[in-house]
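# Fold and geometry: a report
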Amino acid sequence: MGTSQKRFKDPVHGYITVPTHFCNSLIDTCIFQRLRHIEQTSMRCLYPGARHDRFIHSLGVYHLGCKAIARIEEVLPPRLKRLTCWPNYRATFEIACLMHDCGHAPFSHTCEKFYNHTEQAKEGTDKKRANAWLLQQCRSDSRFASDFQLLDAAPADHEAFSAALMIDFFGDPIRELGADPVLAARLITGCRYDDPQTDEQRLA
């Protein structure tokens, strides 16, 4: 018997199908539902015909991400496909696609920098509070902090907020869905393993 699904009507992709357990644990929450009220184009008065929001955008990214990961699975070498971590990685990738914008500030990109700056940071520390929050949430990954420091460019403010918020508020539900919230944070922020040691890390 297949997993029950919910369908969302999208003006670009047609019907987007999402597993019911993703809806119950992630989409049907106040944090995700608030994305209905955040314009994709920040301030719509500049683009009166642009009536799309971060909610439907996130569902669209999830939809395309599912297509991408299915294609990757088709061409994956058998050695990697047999790894016991593959189902975990697939679920993690799909959740990262769905949750990648959950931390967006009001008015989208227009105001996000104002929510990320703090004057209370100690001298010599990162004054972007989203980065500090993210590093604190990812402390279970012993390599995350060092890999994060080696990034060519820091993640965008909303990416760091989204990754940190996702782990803080959805960490346990994501684990129950068979995924890894810290790996999802790596995917959202582009924080790759700097020196992968195992097949699992290379695949990530």
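Read on for a plain summary of the structure. Remember, predicted model here, so these are calculated numbers, not experimental data.

### A look at the packing of helix 3 (residues 54–75) against helix 5 (residues 86–99)
- At a minimum axis distance of 7 Å, the contact between helix 3 and helix 5 shows a crossing angle of 155°. Taken as axis vectors, helix 3 and helix 5 run roughly antiparallel relative to one another. Note that helix 3 runs across helix 5; the crossing there is right-handed. Contacts from Ser58, Leu59, Val61, Tyr62, Gly65, Cys66, Ile69, Ala70, Ile72 and Glu73 in helix 3 reach Trp86, Arg90, Phe93, Glu94, Cys97 and Leu98 in helix 5.
- Grouping the constituent residues of the contact of helix 3 with helix 5 by class yields 11 nonpolar, two polar and three charged.

### Details of the side chain of His100
- When you line up the elements, His100 lands in the loop between helix 5 and helix 6 (112–116).
- When near neighbours in sequence (up to four residues on either side) are disregarded, His100 contacts His57, Ser58, Val61, Ser162 and Ile188.

### Observations concerning the packing of aromatic side chains
- This structure, assessed with the given rule, holds five aromatic pairs.
- Aromatic side chains Phe32 and Phe55 sit 5.5 Å apart centroid to centroid with 70° between the ring planes, which places their arrangement in the edge-to-face category. Here Phe32, found in helix 2 (residues 30–33), pairs with Phe55, found in helix 3; they are 23 residues apart in sequence, far enough to count as distant.
- Residue Phe32 is classed as buried on the basis of its relative accessible area of 0%.
- Accessibility expressed as a relative area gives 4% for Phe55, which makes it buried.
- With a centroid separation of 6.4 Å and 65° between ring planes, the pair formed by Trp133 and Phe161 is classed as edge-to-face. One end of the pair, Trp133, is in helix 7 (residues 129–137); the other, Phe161, is in helix 9 (residues 157–176), with 28 residues separating them in the sequence.
- Three or more aromatic residues joined by ring pairs form one cluster here, namely Phe8, Phe32 and Phe55.
- Over the face of the ring belonging to Phe55 we find Arg36, whose NZ or CZ atom lies 3.9 Å from the ring centre.

### Notes on the state of the cysteines
- Following the criterion strictly, the structure yields zero disulfides and no others.
- With no disulfide partner, Cys138 has as its closest neighbouring cysteine sulfur the one in Cys191, 7.8 Å distant.
- Cys138 sits in the buried class, given a relative accessible area of 2%.

Parameters at a glance
Residues numbered from 1 in each chain as written. Predicted model: local features only at pLDDT ≥ 70, side-chain atom pairs only at ≥ 80, totals over all residues. Heavy atoms only, no water. Axes fitted to C-alpha atoms, helices over the stretch in contact; angles between N-to-C directions. Helix = DSSP H or I, 4+ residues; strand = E, 2+ residues; numbered from the N terminus. Parallel < 35°, antiparallel > 145°, perpendicular 65-115°, else oblique. Left-handed = near helix turned anticlockwise from the far one by under 90°. Contact = heavy atoms within 4.5 Å. Nonpolar A, V, L, I, M, F, W, Y, C, P; charged D, E, K, R; others polar. Phe/Tyr/Trp six-rings, centres within 6.5 Å; stacked < 30°, edge-to-face > 60°. Buried < 20%, exposed > 50% of the residue type's maximum accessible area, 1.4 Å probe, protein only. Lys NZ or Arg CZ within 6 Å of the ring centre and 35° of its normal. Disulfide = S-S within 2.5 Å.

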